[in-house]
Amino acid sequence: MSDLLDLAIEAHGGWARWEKINQLSVGYTATGITDLKGWQGVFLDVRVTVDAHHQRSGIAPFVDSDQLGIFEPTHTRVISQEAGGIIDERFAPRKAFAGHGLTTPWDRQNLLYFAGYALWTYLTTPFLFKMEGFRSQEIEPWEEDGQLWRRLKVTFPAVIESHSAEQIFYFDETGILQRHDYSADVLGGTSSANYATDPKVFDGIVIPTKRRVYAKGADNRPILDRVAVSIDIHDVSVK
């Protein structure tokens, strides 16, 4: 295990604190790619609850005011919170993205799958890298805007759904996450730089409260003329 991973985990609250946490419940607003996919304004003021040690997310309200969307790696489903019962569901949800490109419209289950795995990944970083099957390796550092960031290349196991199998995470000298690079395979493959800023402490856990995602050029620099995804976290409850 890389000493950079140890540094990052300690900087974000420490492993001893994380082991005591069952879930994070986060109020957030997100815009960008969902507008392009036919879901404008769907995440303007919603709450996601993620399990800390298993890949599972719940989003509410999801699309309609009484609906709860539940993401798990092999199964997504939308539940009516008022009437009870499943409204619709999908098994093996990633297979439904076959042939998708950047502008391919999404149905409700596509939306739930993407948001569910992405938010779970963001909110559990860097602690998830200690889960079974993850591999991490420190690679050469990166200089940006006068700062030198250490970089961790992480390979995700097949049982964890995420943007791509290999992702790169950038940390400052104290171990705080600054940037996260990946290819969003369900969008047909992208080269994305996800900037994590404005970190705050919530019950002992450090979480970046703003994320801005940009396309990345061949020089590994972000193309700043358009924000592909914007996420703002309003509050966090740790249980």
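Calculation rules
- Residues numbered from 1 in each chain as written.
- Predicted model: local features only at pLDDT ≥ 70, side-chain atom pairs only at ≥ 80, totals over all residues.
- Heavy atoms only, no water.
- Phe/Tyr/Trp six-rings, centres within 6.5 Å; stacked < 30°, edge-to-face > 60°.
- Buried < 20%, exposed > 50% of the residue type's maximum accessible area, 1.4 Å probe, protein only.
- Lys NZ or Arg CZ within 6 Å of the ring centre and 35° of its normal.
- Salt bridge = Lys/Arg side-chain N within 4 Å of Asp/Glu carboxyl O.
- Helix = DSSP H or I, 4+ residues; strand = E, 2+ residues; numbered from the N terminus.
- Pairing = 2+ DSSP bridges.
- Expected span 1.5 Å × (residues − 1).
- Polar contact = N/O pair within 3.5 Å; in protein donor to acceptor, adjacent residues only side chain to side chain.

1. Digging into the packing of aromatic side chains
Reasoning step 1: Considering all chains together, one arrives at 15 aromatic pairs under this definition.
Reasoning step 2: Judged by centre distance (6.1 Å) and plane angle (90°), the ring pair of phenylalanine 97 and tryptophan 106 falls under edge-to-face. The exposure classification of phenylalanine 97 matches that of tryptophan 106, with both residues buried.
Reasoning step 3: Aromatic rings pair up to connect Phe71, Phe97, Trp106, Tyr113, Phe114 and Tyr117 into one cluster.
Reasoning step 4: Sitting over the ring of tyrosine 117, arginine 94 keeps its end group 5.9 Å from the ring centre.
Reasoning step 5: Over the face of the ring belonging to tryptophan 15 we find lysine 130, whose NZ or CZ atom lies 4.4 Å from the ring centre.

2. Describing the pattern of salt bridges
Reasoning step 1: Under the counting rule described, the total for this entry stands at 15 salt bridges.
Reasoning step 2: When the shortest N-O distance is used, the salt bridge between aspartate 107 and arginine 90 registers 2.6 Å. Pair noted here: aspartate 107 is in the loop between strand S6 (86-91) and helix H4 (108-124) and arginine 90 is in strand S6, with a separation of 17 residues, a long-range link.
Reasoning step 3: Note that glutamate 144 and arginine 179 form a salt bridge whose closest N and O atoms lie 2.8 Å from each other. Taken together, the residues glutamate 144 in strand S7 (residues 135-144) and arginine 179 in strand S10 (residues 177-182) connect sequence positions 35 residues apart. Across the pair, arginine 179 and glutamate 144 agree in class, each one buried.
Reasoning step 4: Sharing partners across several salt bridges, the network here consists of Glu144, Arg179, Asp181 and Lys216.

3. Observations regarding unusual backbone geometry
Negative phi values dominate among residues other than glycine, just as trans dominates among peptide bonds.
Reasoning step 1: For the bond from alanine 60 to proline 61, the omega torsion is -10°, close enough to zero to count as cis.
Reasoning step 2: Following the sequence through the fold, proline 61 ends up in the loop between strand S3 (57-60) and strand S4 (67-72).
Reasoning step 3: The peptide bond linking threonine 125 to proline 126 adopts the cis configuration, its omega dihedral lying at 5°.
Reasoning step 4: Within the secondary structure layout, proline 126 lies in the loop between H4 and S7.
Reasoning step 5: Despite not being glycine, valine 63 has its phi angle at roughly 70°, a positive value.
Reasoning step 6: Among the structural elements, valine 63 can be located in the loop between S3 and S4.
Reasoning step 7: The phi dihedral of asparagine 220 is positive, around 70°, even though this residue is not glycine.
Reasoning step 8: Inspection of the secondary structure assignment puts asparagine 220 in the loop between strand S12 (205-215) and strand S13 (229-238).

4. Considerations on the pairing of S13
Reasoning step 1: Across the ten residues of S13, seven count as buried, placing the element largely inside the fold.
Reasoning step 2: Bridging between S12 and S13 involves four bridges; their strand directions are antiparallel. By the bridge assignment, arginine 211 is partnered in S13 with isoleucine 231.

5. Points about H4
Reasoning step 1: Compared with an ideal rise of 1.5 Å per residue, which puts 17 residues at 24 Å, H4 spans 24 Å between its outermost C-alpha atoms and is within 8% of the ideal.
Reasoning step 2: The buried fraction of H4 is high, at 17 of 17 residues.
Reasoning step 3: If you check the start of H4, you find a side-chain oxygen 3.1 Å away from the backbone N of glutamine 109, and it comes from aspartate 107.

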